[in-house]
Amino acid sequence: MEPNATIREEELKNILRESVFSDYDATHILGDVDFAVTYRRENPAQIELFEQEWFLWAESKKGSSHSLIDSFIQLIITIGKAHTHEKHCPPKFLGAFDAEKIAFIEFNHVISIFYQNDFNWNVTPSNHNTKEFKLLKELLKGTLNEHIATFNLKKDEKPLRLFIKKNFRDGGGKGINITKNNYLFVFQRWVEEVKPTIDALWEDIPPTRVVDFFYADLISQNDYTLSSDLAVVLRGDEYKIMEQILKSGRTLFSECKFNDEMKAYRAFWNKYKRPPRQEAIDIILDRRDLLIPHNLRQYQGAFYTPLQWVELSQRYLADELGEDWQQQYYVWDCCAGTGNLLFGLTEPYHIWASTLDHGDVQIMKNRADDSELNLLEKHIFQFDFLNGDFKDLPESLQDVINDPEKRKKLIVYINPPYAEVSTKTVDTEGKRTKKNVNQSMVHTKYQTMLGTAGRELFAQFLIRIYKELTGVILADFSTLKNLQGSAFATFRNSFTPLLKRLYVVPANTFDNVNGQFPIGFFIWDTSTPASFLSIEADVYNRDGEQMAPKHYQAFRKKDYINNFISKYKNDGENAIGFLDGINSNDFQHNNYVYIVNSKSQVANPRGIWINKRNLIPCCIYISVRKVIEATWLNDRDQFLQPTGNWQGDYEFQIDCLIFALFVNNIQSSQGINHWIPFSEQEVEAQDNYLSHTIVDFLNSNITIVNPIAKQISLFDQNQENKEHTIRPIDTLSIEATAVMDAGRELWKYYHKQSNANPNASYYDIRLHFQGTKTTKNGKEQMNSDSTDTVYTTLNNNLRQAMRQLAAHIEPKVYQYGFLK
C-alpha cells in the first residue's frame with residue numbers, strides 16, 4: 001500500500017479498509033470517531049447477543065506531515081467529549097494515521113485521563129490551541145512517546161500486518177474478553193445489570209467497596225480460595241464478606257445471595273469472558289482507584305467550571321474585595337476536583353485545595369509541579385468535607401480557621417457537586433440521582449435546619465460552612481433553589497448570611513449539565529446575618545455577553561400558587577376533568593401540569609377535580625403556567641398566589657378558559673368530553689354531543705355577585721355591590737375570539753371526515769390527522785405532522801392564534817402577581 005501524500009481523507013480511509021484491515025470490519029460510523037475497526041460477524045444475529053468488541057478507534061488526517069501526538073490528543077478529546085468510552089466497549093487500541101504513517105497505543109495507557117472529575121471535555125477537539133488541548137498534551141506527552149507503536153505505511157507494510165494479526169483478535173463469538181483496556185466499561189455494565197440483583201444491604205456497604213463484589217464475580221471460576229486477600233468471595237450462589245467493610249461493623253463472614261436466582265448474573269457472564277490469566281486479573285486489581293460507580297464519581301466531584309466563568313468569578317471577587325484581594329485574603333476550595341476553579345490565582349501560600357478523591361489530589365499535585373496551578377504540595381490534600389473533622393486539616397489552614405480575625409479573611413471558594421437524593425434513577429434533566437446523599441455527617445447534624453434542602457449536596461456544603469466557619473467569605477456556584485425554591489424554605493431560615501453579589505449563567509455551559517436553567521455565582525458575607533429578601537443579579541449568556549439584569553426574590557411557603565389553587569379542591573362530584581401537577585411552583589415543572597378526563601389516568605396524581613364551580617380558577621392556573629415560554633433564565637422562577645384585583649377582570653378569566661380549551665389533554669377514549677366549545681350546528685357535527693358543558697357555559701347568562709360570579713368561581717361574595725349578569729362568550733378579547741374562530745374552522749373540517757367522532761376533543765382531532773408511530777421502547781406516540789395539507793393549514797392557524805392569545809394574557813400574569 002502506497003497512498004499519495006495529497007490523497008483525500010475519505011479515500012485514505014477506503015485504502016486502509018481494503019488493504020491493511022481487509023480481514024476486519026472498518027465500515028462502522030462511531031459518533032465523531034474518524035475510523036473504527038471491529039471483527040466481521042458471520043452471523044448478523046450475534047450483534048444483538050454481545051457488546052460490539054472494538055480493536056481500534058483512530059483519528060485520520062489527510063496529507064503526510066501531521067504530529068501523531070496532536071492527533072492522539074484530538075482523538076482523546078473527541079472520545080471524552082461524547083463519552084464514547086462509556087457508551088461503547090472501549091477498543092484495545094487508539095490510533096492515528098495520515099497518508100504516510102499509522103500509530104497505535106493500548107487504551108489502558110491513557111484510560112485514567114478520562115476519569116478526571118472536573119476536566120472540561122466540552123471544547124472543540126480540532127482546536128489545538130485551547131487550554132484543555134495543551135493540558136492533555138502536557139499530561140500525556142511522555143506516555144504517548146513511550147508507548148505508541150508507529151509504522152510507515154510504505155516501508156513497514158509487513159510488520160504492520162503482523163502487528164494487526166497478532167493484536168486484533170476477538171472473543172470467538174463467545175463474548176468479549178475482559179481486559180485492561182475495557183474493564184472499567186464492563187464494571188459499569190455490571191453495576192447496572194448485576195448489582196441490583198444481589199440481595200445485600202447496600203446502605204451498609206461503602207460505595208467504594210462495591211467493586212469487591214465485582215472482583216468476586218471476576219474470579220469466581222478461577223483458582224482462588226477462601227485464603228485469598230479478596231474482601232468478598234462468591235461460592236455457589238452466595239457472597240461471603242471476608243473483611244469488616246460494613247459500616248455497621250457487623251461480624252466477619254456476613255453472607256448475601258441473589259434475589260433473582262442468579263438470572264442476571266448468568267446473562268451478564270454469558271456476554272463477557274473473564275480474564276484467563278492471573279496476570280490480567282492483577283492488572284485490574286492494581287487500578288482499583290478507577291473502579292468507582294459513575295454516580296459516586298458525580299457525588300465526589302463538582303461539574304467542570306468553564307474558564308470564562310472562573311475568570312468572571314475572580315473579577316467579581318476583585319470588585320467586591322478590592323484589586324489586592326489575593327494578597328489580603330486566604331482561599332480554600334474544599335471540593336476542588338482537579339483544581340480548575342483555582343486556575344489563575346497567584347498566591348500559593350494563601351491557597352488550599354482539598355477533594356474527596358485521592359486520584360484528583362495526585363492530578364492537582366502534578367498540575368502544581370507543571371506550574372499549571374500556583375499551589376504548594378502541602379496545601380493539596382484529601383478531605384471529606386461532609387464527614388471529616390477539621391482537626392485533620394493541615395496545620396497552616398487550621399491556623400487560619402481557628403483565628404477569628406484571620407477567618408474573616410478566608411474565602412471558601414467552591415463549585416460544589418450537584419447531586420440530589422431521589423427514589424428515581426434519572427431525574428427530569430437526565431442527571432443520575434443518588435441514594436447516599438442524605439447519609440453524611442453534615443446531613444445528620446443539621447437535618448432540622450436543612451429540611452428538604454438536605455436532599456442536595458450543595459446545601460449541605462453551605463450549611464456547614466455557615467455554621468462552623470462563621471465569618472468567612474463564601475463564594476460558590478450553585479443553582480438558584482437556595483434563593484427561591486419552595487423546598488429550601490426551611491433552609492433559608494437557618495442560612496442567613498448577607499448576599500453581596502450574584503451573577504447567573506446558563507447551566508448547560510457546564511460539563512455534564514443538559515438542563516435549561518441558571519447557575520449562579522454567589523458572594524456571601526457570613527459575618528453579617530441578613531435573611532435574603534431580594535437582589536438584582538447580573539446575567540450573562542453562554543458567550544459571556546452581559547444581558548439585562550434579573551430580579552430574584554425570596555418567598556414564603558404560603559406565597560406559592562399551589563396554595564391558591566388548593567382552596568378550590570372538591571370531592572369530585574359532577575367532575576368534568578382533573579387538573580394534575582399542582583405540587584410544584586416553578587417553570588421547570590410546567591410540563592407536568594395538564595388537564596385530563598379523570599384522576600385514574602395519572603400514575604401519581606397531585607391535583608384537583610374540575611367542576612363548574614372551580615372551572616375558572618383551574619383554567620387560570622393552567623393558563624398562567626403555560627402562556628409564557630420557559631427559558632434557561634426563568635426556569636426556576638416561582639408562580640405565586642395572585643395579589644391584584646383579577647377577580648373583577650372577566651375578560652382575563654374567560655381568556656384563560658379559552659386558552660385552557662386548547663392546551664388540555666382531554667381524550668374522548670378516556671371518558672365523556674365535556675370541553676367542546678362549539679355547538680353541533682356551528683361545526684356541522686354528524687351527531688349530537690354527549691356533553692354540552694362548556695358550550696352551554698359560554699353562552700349562558702351568568703349572575704354576577706361582585707367581585708365574581710358564583711358559577712364562575714368561589715371568591716369572597718360578601719360585597720355589597722349590585723348584582724348583574726354577563727354572557728361569557730361576549731367578554732372574549734379580540735385574541736380569544738380569533739382562537740375560537742380558528743378552532744371552529746378546524747372542527748368543521750374534521751366533522752366532514754366520514755369517520756368523525758362527534759365527541760372529539762382537540763387531542764382526538766390531531767390524532768386523527770397526524771396518526772401515531774411506535775417508538776424504540778415500543779410505545780405509541782403521535783406524529784408531529786400530517787400529510788393532510790388542509791388540516792395542517794387550519795391547525796397552524798389555530799396555533800398562531802393561540803400564541804397571540806398567550807401574548808395577550810402574559811402582561812396580566814405579572815399585573816396580578818402570579819409572577820414577579
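Definitions and cut-offs
Residues numbered from 1 in each chain as written. Predicted model: local features only at pLDDT ≥ 70, side-chain atom pairs only at ≥ 80, totals over all residues. Heavy atoms only, no water. Helix = DSSP H or I, 4+ residues; strand = E, 2+ residues; numbered from the N terminus. Buried < 20%, exposed > 50% of the residue type's maximum accessible area, 1.4 Å probe, protein only. Pairing = 2+ DSSP bridges. Axes fitted to C-alpha atoms, helices over the stretch in contact; angles between N-to-C directions. Contact = heavy atoms within 4.5 Å. Phe/Tyr/Trp six-rings, centres within 6.5 Å; stacked < 30°, edge-to-face > 60°. Lys NZ or Arg CZ within 6 Å of the ring centre and 35° of its normal. Polar contact = N/O pair within 3.5 Å; in protein donor to acceptor, adjacent residues only side chain to side chain. Salt bridge = Lys/Arg side-chain N within 4 Å of Asp/Glu carboxyl O. Arc of directions from axis to C-beta.

The next point concerns the overall build of the protein. A tally of regular secondary structure across the protein gives 29 helices and 27 strands. Across the 820 residues of the protein, 57% fall into the buried class.

What follows covers the sheet that holds strand β18 (residues 534-540). As summarised here, the arrangement of the 9 strands in space is β13-β12-β11-β14-β15-β17-β16-β18-β19, forming an open sheet in which the pairing is mixed. Across the chains shown, the open sheet's two edge strands, defined by having one partner strand only, are β13 (380-382) and β19 (546-553). Adjacent strand axes in the sheet meet at a mean angle of 20 degrees, parallel and antiparallel pairs treated alike. Taken together, the 9 bridges between strand β16 (residues 497-506) and strand β17 (residues 518-529) define a ladder with antiparallel strand orientation.

Secondary-structure assignment places Ser 761 in the loop between α27 (734-751) and α28 (762-770). Sequence separation between Ser 761 and Ile 672 is 89 residues, and the spatial gap between their C-alpha atoms is 9.8 Å. Setting aside anything within four residues of it in sequence, one finds Ser 761 in contact with Ile 666, Gln 667, Ser 668, Asn 673 and Trp 747.

This brings us to the sheet that holds strand β3 (residues 93-97). Within the open sheet, the 5 strands sit side by side as β1-β2-β3-β4-β5. Their pairing is mixed. Every interior strand has two partners, whereas the edge strands, β1 (35-38) and β5 (149-152), have only one. Averaged over all pairs of adjacent strands, the angle between strand axes in this sheet comes to 20 degrees, irrespective of strand direction. Pairing geometry for β3 and strand β4 (residues 101-106), over 5 bridges, is antiparallel. In the sheet register, Phe 97 faces β4, and the bridge partner there is Ile 102. Across the sheet, helix α3 (residues 68-82) is in contact with β2 (54-60), β3, β4 and β5; its angle to β3 comes to roughly 130 degrees.

All right, on to unusual backbone geometry then. For His 83, which is not glycine, the phi torsion reads 55 degrees and is therefore positive. With respect to the helices and strands, the residue His 83 is situated in the loop between α3 and α4 (84-87). Positioned with a positive phi, Glu 684 is a non-glycine residue whose angle comes to about 55 degrees. Tracing the backbone through its elements, the reader meets Glu 684 in the loop between α25 (680-683) and α26 (693-699).

Attention now goes to the packing of aromatic side chains. Tallying each qualifying case throughout the model produces 63 aromatic pairs. Judged by centre distance (6.4 Å) and plane angle (25 degrees), the ring pair of Phe 214 and Trp 269 falls under stacked. Of the two residues, Phe 214 sits in helix α8 (residues 210-218) while Trp 269 sits in helix α9 (residues 263-271), which places them 55 residues apart along the sequence. Overall, Phe 214 belongs to the buried group, its relative accessible area being 1%. Taken together, the ring pairs connect Phe 21, Tyr 24, Phe 35, Tyr 39, Phe 55, Phe 93, Phe 97, Phe 104, Phe 151, Phe 163 and Phe 168 into an aromatic cluster. Here the guanidinium or amino end of Arg 274 rests over the ring plane of Trp 269, the centre of that ring lying 4.2 Å away.

The next thing to look at is the environment of Glu 682. Note that Glu 682 resides in helix α25. Considering only alpha carbons, one finds Glu 682 and Glu 745, 63 residues apart in sequence, at a separation of 9.3 Å. Other than its neighbours up to four places away in sequence, Glu 682 contacts Pro 677, Arg 744 and Lys 748. Engagement of the side chain of Glu 682 in a polar contact is seen with the backbone nitrogen of Ser 679, the distance being 2.8 Å. A distance of 2.9 Å separates a polar atom in the side chain of Glu 682 from a polar atom in the side chain of Arg 744.

Looking now at the pattern of salt bridges. Tallied over the entire structure, the rule returns 28 salt bridges. Among the salt bridges present, the one from Glu 9 reaches Lys 13, with a minimum N-O distance of 3.9 Å. With Glu 9 and Lys 13 both in helix α1 (residues 9-18), this residue pair falls 4 residues apart, about one helical turn. Classification of Glu 9 as partly exposed rests on a relative accessible area of 24%. A relative accessible area of 6% means that Lys 13 is categorised as buried. Ionic contacts of the salt-bridge type, sharing partners, join the residues Glu 9, Glu 10 and Lys 13 into one network.

Buried residues of helix α6 (residues 157-167): Leu 160, Phe 163, Ile 164 and Asn 167, and no others. Down the axis of α6, the sector holding all buried residues measures 95 degrees, keeping them to one side. Seen from the buried face of α6, the exposed residues on the opposite side, beyond 90 degrees, are Lys 158, Leu 162, Lys 165 and Lys 166. Those residues of α6 hidden inside the fold are in contact with β3, β4 and β5.

Okay, α8 next. Most of α8 sits inside the fold, with 9 of its 9 residues counted as buried. Within α8, burial applies to Val 210, Val 211, Asp 212, Phe 213, Phe 214, Tyr 215, Ala 216, Asp 217 and Leu 218.

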